[in-house]
Protein chains: 2
Amino acid sequence: MWRRLLYCLQMPVQMRMQLFLLQAEAVANSMTISAAAQEAGVGVETIRYYERRGLIRQPPSKGGYRQYPESTIRQLRFIRESQRLGFSLTEIEELLALAGAEDTTCGDVCSATEHKLAEVRGRIATLQRLEHELEAMLCAKDCAAPKRDCKLLEALSPPKERADCSHGCH
Amino acid sequence: MWRRLLYCLQMPVQMRMQLFLLQAEAVANSMTISAAAQEAGVGVETIRYYERRGLIRQPPSKGGYRQYPESTIRQLRFIRESQRLGFSLTEIEELLALAGAEDTTCGDVCSATEHKLAEVRGRIATLQRLEHELEAMLCAKDCAAPKRDCKLLEALSPPKERADCSHGCH
DNA sequence: ATAGGGTCCGTACCGTGGTACGGAGTCAAG
DNA sequence: CTTGACTCCGTACCACGGTACGGACCCTAT
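All residue numbers refer to positions counted from 1 along the written sequence of the respective chain. A letter from A marks each chain and a number from 1 marks each ligand, given out in the order of writing. Only residues with pLDDT of 70 or above have their local features reported here, since the model is predicted, and side-chain atom pairs are shown and tallied only from 80 upward, although totals for entire chains, interfaces and linings are computed over all residues. As a rule here, side-chain values come from all non-hydrogen atoms in the structure, and water together with hydrogens is ignored.

Draft legend 1. Representation of the side chain of Gln-67 of chain A within the structure. All names here are of chain A. Mapped onto the fold, Gln-67 is located in the loop between strand E2 (65-66) and helix H6 (70-84). For every residue, the accessible area obtained with a 1.4 Å probe (protein chains only) is divided by the maximum for its type, and the residue is called buried under 20%, exposed over 50%, and partly exposed between those limits. Taking the relative accessible area as the measure of exposure, Gln-67 reaches 13% and is therefore buried. By definition in these notes, contact holds between two residues if any of their heavy atoms fall within 4.5 Å. Those residues within four positions of Gln-67 in sequence are excluded, and the remaining contacts are Ser-30, Met-31, Pro-59, Pro-60, Ser-61 and Lys-62. Helix numbering and strand numbering both begin at the N terminus, where a helix is a DSSP run of H or I of at least 4 residues and a strand a DSSP run of E of at least 2.

Draft legend 2. Representation of the packing of helix H7 (residues 89-100) of chain B against helix H8 (residues 106-139) of chain B in the model. Residues and elements named next belong to chain B. Think of each axis as a best-fit line through the C-alpha atoms, taken over the contacting stretch in the case of a helix, with angles from 0 to 180 degrees between the N-to-C directions. Where H7 meets H8, the axes come as close as 10 Å, and the angle between the chain directions of the two elements is 160°. The angle between H7 and H8 places the two elements in the roughly antiparallel class. Helix-helix and strand crossings are classified by hand; for H7 and H8 the assignment is left-handed. Mapping the contact onto sequence places Glu-91, Leu-95 and Leu-98 in H7 and Asp-108, Val-109, Ala-112, Lys-116 and Glu-119 in H8. Think of it as three bins: nonpolar holds Ala, Val, Leu, Ile, Met, Phe, Trp, Tyr, Cys and Pro, charged holds Asp, Glu, Lys and Arg, and polar takes everything else, Gly as well. Looking at the contact of H7 with H8 residue by residue, the class counts come to four nonpolar, no polar and four charged. Here is the rule for angles: anything less than 35 degrees is roughly parallel, anything more than 145 is roughly antiparallel, 65 through 115 is roughly perpendicular, and the remaining ranges are oblique. In this scheme the handedness of a crossing depends on how the near helix is turned from the far one: anticlockwise by less than a right angle means left-handed, clockwise means right-handed.

Draft legend 3. Structural context of the nonpolar core. For this analysis, a nonpolar core means a set of buried residues of the types Ala, Val, Leu, Ile, Met, Phe, Trp, Tyr and Cys, connected via side-chain atoms within 4.5 Å. Counting residues in each nonpolar core, the largest one holds 72 residues, and the members touching the most others are Ile-47 of chain A together with Ile-47 of chain B. In this structure, this core is formed jointly by two domains, domain 1 (31-104) and domain 2 (106-162) of chain A, each of which donates at least three residues. Filtering out sequence-adjacent residues up to four positions away, Ile-47 of chain A remains in contact with Ile-33, Ala-36, Ala-37, Val-42, Ile-56, Tyr-68 and Leu-76 of chain A. Here the bounds of each domain stem from an automatic or database domain assignment.

Draft legend 4. Layout of the pattern of salt bridges. Residues and elements named next belong to chain A. Should a side-chain nitrogen of Lys or Arg be within 4 Å of a carboxyl oxygen of Asp or Glu, the pair is scored as a salt bridge. In this structure the tally under the stated criterion is 21 salt bridges over all chains. Note that Arg-123 is salt-bridged to Glu-119, the shortest N-O span being 3.6 Å. Of this pair, Arg-123 and Glu-119 both sit in helix H8 (residues 106-139), four residues apart, which is roughly one turn of that helix. Overall, Glu-119 belongs to the partly exposed group, its relative accessible area being 31%.

This is how it looks when you write it as structure tokens:
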């Protein structure tokens, strides 16, 4: 905060006047890359990476230094949130394109979300099948036995040789 | 199967005699890399990759050509099966080490499996949280609306600005 | 004026599980 | 002996989401 204030005081008078007329939020309007990274909770290199990938548009630069507007920070948060929801950067690119296009309806975004939901449900189902198989393997255990008789190693073998686990365990 | 038969028929007479005297299982006893790959359901390059990684030990070679014994094919199937259960190659390496060590008890394998089970359950829980969030987002939809009013794009924004979805949907 | 810290850019590298390529060698049949 | 299929080996490359490095440049405080 101090730094930014001092920075303002060193600006040419014209610019200082402009800034003086803007609100507090607008003061924060232009951040360096590290401030933006801090603000959005990502790494500096990550922002540069996103820019290279075209996920965020390159900001105006002052003396070769990127100056990020608040809107970019919002976009970075959007990206993080979408990632957390399981969207890949490529999918987020598409979401951002949707958000940017003139003729996008809410339905477009909606169907992308439904698609992702279906995918998530599929992954859950797969993992649950896996869960049951692992449980079934464990139920046949005899942990004190030497590995020679290990039912688990057997269970990993192909179906033909697989130990049968049907004595009501669960 | 046909391939193996034809392959046998193309062998030198000496070798064919030998094979004639062996049982079906033993016929498969020594395979080229492509036969092994076929048999185990993996690619040729994959086998070489596993060998480089030390997942399978290098087989005896005849004139510079790898000759795979049946045991290696079993091991390859073990690897595939374990992968299907969600074990990474590194974890499979450990499983194989357990299987190979003299003093391994069934309990060792057991605890590895339990560990994996816990991991799988964690992943399921995460995905289910995600599922609910996506559902919550969809329940606020108005698909005909222009994107300007899109609740979904809003929903992806950080918490402060997030639309509230509390009108009994589910 | 200068020291320090931040930023620039291009490029290389990480892990994961392979896949692809290319030139040389080998094998068995015709 | 030639042909064609197969195999050898090392190396490079793919996706994914970044992270690290190094030399040059710039900004700010003292």
